[in-house]
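So the chains spell out like this:
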Amino acid sequence: MMFSGSLKVPASTANLGPGFDSIGLAFNLYLTVDVKQAEEWAFSHESDLLAGLPEDDRHLIAVVAKKTAALRGVEMTPVEAVLKSEIPLARGLGSSAAAIAAGIEIADRFANLGLSDEEKLNIGDQFEGHPDNIGASLFGGMVCGVSLGEHAELLTLPAPDVDLVALVPPYELKTEDARNALPDSFSRKDAVLASAVSNMLVAAFMQHDYETAGRMMERDVFHEPYRAALIKEFHPARTLAKSLGAYATVISGAGPTVLTLAPRGKGESIAAAFREQFSDCDVLQLNVEANGPVWQ
């Protein structure tokens, strides 16, 4: 019997300012994979966003699926997959995490692995090196996690009741380049401040105190001060959004996408202002996606 199915995986943002490599949020942009068993690996891409990706077993989904099965001592059967994506590549919206989540889910289903959520997270963390994007893509909603080397820990936070607006520049920013912009070390004073700000952010989200969460999001010490120079839209977007009542504007993941959290009902006016001021960028009004991958 030949297995087949259609898998839908959500995009994600990470960091949310000071939650560096730790806080992730899934939202309603999706990678869709129509997949069936085959004699050999084959990938085709129906979205312009996916142009140029490998069409054989070098594809990230294939690499992850084969590795996932191998970790359980099983040989992964080849699949043929047709991909559609709403997630821009190399923009800080979790495109690679969505592909990794898809690979794990495809291996679990087609190799009959019976993976637990903990096993899926740990496998994804080994590929990503941090659990924020992959945790959000695997489980939906807002997550907070830590990578401890051999394994990761992850908890779900209450999904924020806010409007989300993503400003997506027309250029890529590779995670490696964004990482290279960061310092090799922090002083004790800066490290204490950074962790305290992040702790306050999580506490504010737990209490649905989005005013405080917004202030903390804009007080990051870990990465934004260094990456902001790589994203010319960042400071003007933050100033504009703040003038229209936003809670906070931060770099999404490693960038260059800029994400604004705003009170319910204010996202539309902020999006309209972004479209007017940043005419070469895409502007997306988003919602939190409560679910991880779904088979259809």
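Basis of the calculations
- Residues numbered from 1 in each chain as written.
- Predicted model: local features only at pLDDT ≥ 70, side-chain atom pairs only at ≥ 80, totals over all residues.
- Heavy atoms only, no water.
- Pairing = 2+ DSSP bridges.
- Helix = DSSP H or I, 4+ residues; strand = E, 2+ residues; numbered from the N terminus.
- Axes fitted to C-alpha atoms, helices over the stretch in contact; angles between N-to-C directions.
- Contact = heavy atoms within 4.5 Å.
- Core = buried A, V, L, I, M, F, W, Y, C linked by side-chain atoms within 4.5 Å.
- Buried < 20%, exposed > 50% of the residue type's maximum accessible area, 1.4 Å probe, protein only.
- Lys, Arg positive; Asp, Glu negative; His and termini not counted.
- Salt bridge = Lys/Arg side-chain N within 4 Å of Asp/Glu carboxyl O.
- Polar contact = N/O pair within 3.5 Å; in protein donor to acceptor, adjacent residues only side chain to side chain.
- Parallel < 35°, antiparallel > 145°, perpendicular 65-115°, else oblique.
- Left-handed = near helix turned anticlockwise from the far one by under 90°.
- Nonpolar A, V, L, I, M, F, W, Y, C, P; charged D, E, K, R; others polar.
- 1 Å grid on protein atoms, 1.4 Å probe; cavity = no way out; pocket = protein on both sides within 12 Å on 5 of 7 lines; lining within 4 Å.
- Points joined across faces, edges and corners; volume = space filled by probe spheres on them.
- Phe/Tyr/Trp six-rings, centres within 6.5 Å; stacked < 30°, edge-to-face > 60°.
- Lys NZ or Arg CZ within 6 Å of the ring centre and 35° of its normal.

## Points about the sheet that holds strand β7 (residues 163-168)
On the basis of which strands lie adjacent, the open sheet formed by four strands has the order β8-β9-β7-β10 and antiparallel pairing. With one partner strand each, in any of the chains shown, β8 (248-251) and β10 (282-286) form the two edges of the open sheet. Averaged over all neighbouring strand pairs, the angle between strand axes comes to 20 degrees, with direction disregarded. Where β7 meets β10, five bridges bridge the pair, whose relative direction is antiparallel. Across the sheet, Val168 pairs through a bridge with Asp282, a residue of β10. Along the sheet, helix α9 (residues 234-243) makes contact with β7, β8 and β9 (258-262), crossing β8 at roughly 165 degrees.

## Some words on the nonpolar core
Among the nonpolar cores identified, the biggest contains 61 residues, and Leu31, Val33, Ile61, Met76, Ile106 and Phe205 are the most heavily contacted of them. It is helix α2 (residues 95-110) that provides the largest number of residues to this core, a total of nine residues. Residues contacting Leu31, with those up to four places away along its chain left out, are Leu7, Lys8, Val9, Ile61, Leu83, Lys84, Ser85, Ile87, Ala98, Ala99 and Ala102. Listed in part, the 22 residues of the second largest apolar core include Ala246, Ala254, Ile270 and Ala271.

## Considerations on the side chain of Asp220
Following the sequence through the fold, Asp220 ends up in the loop between α7 (210-217) and α8 (224-227). Buried charge without a salt bridge: Asp220, with Arg227 as the nearest opposite-charge side chain at an N-O distance of 7.5 Å. A distance of 3.0 Å separates a polar atom in the side chain of Asp220 from the backbone nitrogen of Phe222. One polar contact links the side chain of Asp220 to the main-chain amide nitrogen of His223, over a distance of 2.8 Å.

## Here's the deal with the packing of α2 against helix α3 (residues 117-128)
Running from N to C, α2 and α3 cross one another at 140 degrees; their axes reach a closest spacing of 10 Å. Taken together, the axes of α2 and α3 are oblique relative to one another. Read as a crossing pair, α2 and α3 show a hand that is right-handed. For the pair formed by α2 and α3, the contact residues are Ser96, Ala97, Ile100, Ile104, Glu105 and Asp108 on the first element and Lys120, Ile123, Gly124, Phe127 and Glu128 on the second.

## Looking at the packing of helix α6 (residues 188-206) against α7
At a closest axis distance of 8 Å, the pairing of α6 and α7 adopts a crossing angle of 155 degrees. If you check the angle between α6 and α7, you find them roughly antiparallel. Crossing handedness for the pair α6 and α7: left-handed. Taking contact as the criterion, the partners of Val197, Met200, Leu201, Ala204 and Phe205 in α6 are, on α7, Tyr210, Thr212, Ala213, Met216 and Met217. Grouping the constituent residues of the contact of α6 with α7 by class yields nine nonpolar, one polar and no charged.

## A closer look at the layout of surface pockets
To locate leftover empty space, one rolls a probe as large as a water molecule over the atoms. Approximately 650 Å³ is the volume attributed to the largest pocket. Around the largest pocket sit 37 residues that line it, and Ala90, Ser95, Ser96, Ala97 and Thr175 are the ones nearest its centre. Of all the secondary structure elements, the ones that give two or more residues to the lining of the largest pocket are β1 (4-15), β2 (19-37), β4 (79-85), α2, α4 (132-139) and α5 (175-180). In terms of residues, the lining of the largest pocket owes the most to one element, α2, which gives five residues. Considering only residue class, the lining of the largest pocket consists of 17 nonpolar, 12 polar and eight charged.

## A closer look at the environment of Asp280
You can see Asp280 is positioned in the loop between α10 (267-277) and β10. Take Asp280: its relative accessible area is 45%, and that puts it in the partly exposed class. Spatially, the C-alpha atom of Asp280 lies 9.1 Å from that of Val168, the residues being 112 residues apart in sequence.

## Quick word on the packing of aromatic side chains
Inspection of the entire model under this criterion finds eight aromatic pairs. Plain terms: the ring middles of Trp41 and Phe43 are 6.3 Å apart, the flat faces sit at 10 degrees to each other, and that makes the pair stacked. For the pair Trp41 and Phe43, a shared accessibility class is recorded, and that class is buried. Measuring from centroid to centroid gives 5.8 Å for Phe274 and Phe278, while their planes differ by 75 degrees, and the two rings are edge-to-face. Its relative accessible area of 7% is what places Phe278 among the buried residues. Among the aromatic residues, those joined into a cluster by ring pairs are Phe20, Phe186, Phe222 and Tyr226. The ring of Tyr30 has Lys8 sitting right over it, with the charged end atom 4.3 Å from the ring centre. When the ring centre of Trp295 is taken as origin, the NZ or CZ atom of Arg109, which lies over that ring, is 4.3 Å away.

Function cannot be inferred from these measures alone, as they are strictly geometric.
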